[in-house]
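Next come the chains, spelled out residue by residue.
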Amino acid sequence: MADLSPESRVLGPAETAAALPWPALLQELVQLLLDDQVHVPARLVQPLPGGGSLFVMPAHDAHIAITKLITFTPANTGSARPTIQGDVIVTHVATGTRALLLDGPTVTARRTAAVSALAAQRLAPRPEGPLLIVGAGVQGRAHLDAFADVLDVKAAVIASRSEASADALALHAQARGLRAEITTDPDAALADCPLVVTCTPASGVALRALPGHGHFIAAVGAFTPTMVELAPALCRHVAHTGRVVVDTPQALHEAGDLLQAGLDVSRFESLADVVRIDAAFHDPVTLAGPVLFKSCGWAGWDLAAARCALQTLAGSAKGR
């Protein structure tokens, strides 16, 4: 693992994003899932007055340790303040010295979108899209960028409760050369979009239509038992006719969409299971039926981002 210099570096949002290019980040996610030296304790979620939460998320491998400290403040939705704020602290295991300080919201957005893209890469029957994005905030934009860069998606349909947010994301998509349109009815749009991402504030059901055999849905907005984006009937339909995959076994206690559908989350495979099976057989294993990938977040993803950032920065230093 690269040791950049005796002095740690502090990266702002733009620098953090630049240190996490999508292909390298996806590759590091795979390497992390195959690394037996990775240890990730359960995260601490401390409720705060006013409805917010403080997340303390540690993880380490044989070389570095990270702690992500972020606040989640739903009351900031629709304001100039972001709902997620904080930092990722990266330290060297051997010396205890700090190597990097990364922008927490940027890490969260990019690693979450990269995990969804990795899942779609391995599981989506039709990964070329078009892509339906339900929720046009920070995660909506990150997922559009990741899916365009990694899966070569060419067209997106955007649904949002905020007309301004939908317009802004559509303009961003068009600036990237993608075809983009806005819909006020994501359920109707589902029929023409085999690739779906739901990344809403998860304060209520945002998608009810039942997916068909060629659909892949990445649901990332709900990461507590009380949050929900997908109708219970939709979740049960996929569980009975297709395949449900969770990002990690910790979703057992956090996957609000699945828990509120009355499903036994412990019976679903994780993304690590998928990656390890693919590695063993040297080819993605696909099954018939729709696929639901439920992502709740995990400090291991932040550790992968830190590893990727260190490698990117070390490569840049060598290139100078």
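These lines cover the structure that appears in this document, whether it is placed above or below. Quick caveat, the model's predicted, so the values are computed rather than measured.

Read across the sheet, 6 strands follow the order 1-6-5-4-3-2 without closing on themselves; strand pairing throughout is mixed. The open sheet has two edge strands with one neighbour each: strand 1 (9-10) and strand 2 (44-47). With 2 bridges joining them, strand 1 and strand 6 (residues 98-103) adopt parallel strand pairing. Residue pairing for strand 6: Val-10 is matched across the bridge by Leu-101. Across the sheet, helix 3 (residues 104-123) is in contact with strand 3 (53-60), strand 4 (64-72), strand 5 (84-92) and strand 6; its angle to strand 5 comes to roughly 90°.

With that settled, consider unusual backbone geometry. A cis amide bond links Gly-129 with the next residue in sequence, Pro-130, at an omega value of 5°. Among the secondary structure elements, Pro-130 is positioned in the loop between helix 3 and strand 7 (131-134). Positive phi is not limited to glycine here, since Asp-152 has a value of about 60°. Note on placement: Asp-152 falls in the loop between helix 4 (138-151) and strand 8 (155-159).

Here the focus is the nonpolar core. Residues Val-90, Phe-147, Phe-216, Leu-258 and Leu-271 are the most contacted members of the largest nonpolar core, which totals 107 residues. The residues touching Val-90, leaving out its near neighbours within four places in the chain, are Ile-64, Ala-65, Ile-66, Thr-97, Arg-98, Ala-99, Leu-100, Leu-102, Ala-306 and Leu-310.

Next up on the list: the sheet that holds strand 12 (residues 216-219). As summarised here, the arrangement of the 8 strands in space is 9-8-7-10-12-16-14-15, forming an open sheet in which the pairing is parallel. The open sheet has two edge strands, strand 9 (179-182) and strand 15 (269-270), and neither has a second partner. The sheet contact formed by strand 10 (residues 195-198) and strand 12 spans 4 bridges and is parallel. Residue pairing across strands places Val-196 opposite Ile-217, the latter belonging to strand 12.

Conventions we followed
Residues numbered from 1 in each chain as written. Predicted model: local features only at pLDDT ≥ 70, side-chain atom pairs only at ≥ 80, totals over all residues. Heavy atoms only, no water. Pairing = 2+ DSSP bridges. Helix = DSSP H or I, 4+ residues; strand = E, 2+ residues; numbered from the N terminus. Contact = heavy atoms within 4.5 Å. Axes fitted to C-alpha atoms, helices over the stretch in contact; angles between N-to-C directions. Core = buried A, V, L, I, M, F, W, Y, C linked by side-chain atoms within 4.5 Å. Buried < 20%, exposed > 50% of the residue type's maximum accessible area, 1.4 Å probe, protein only.

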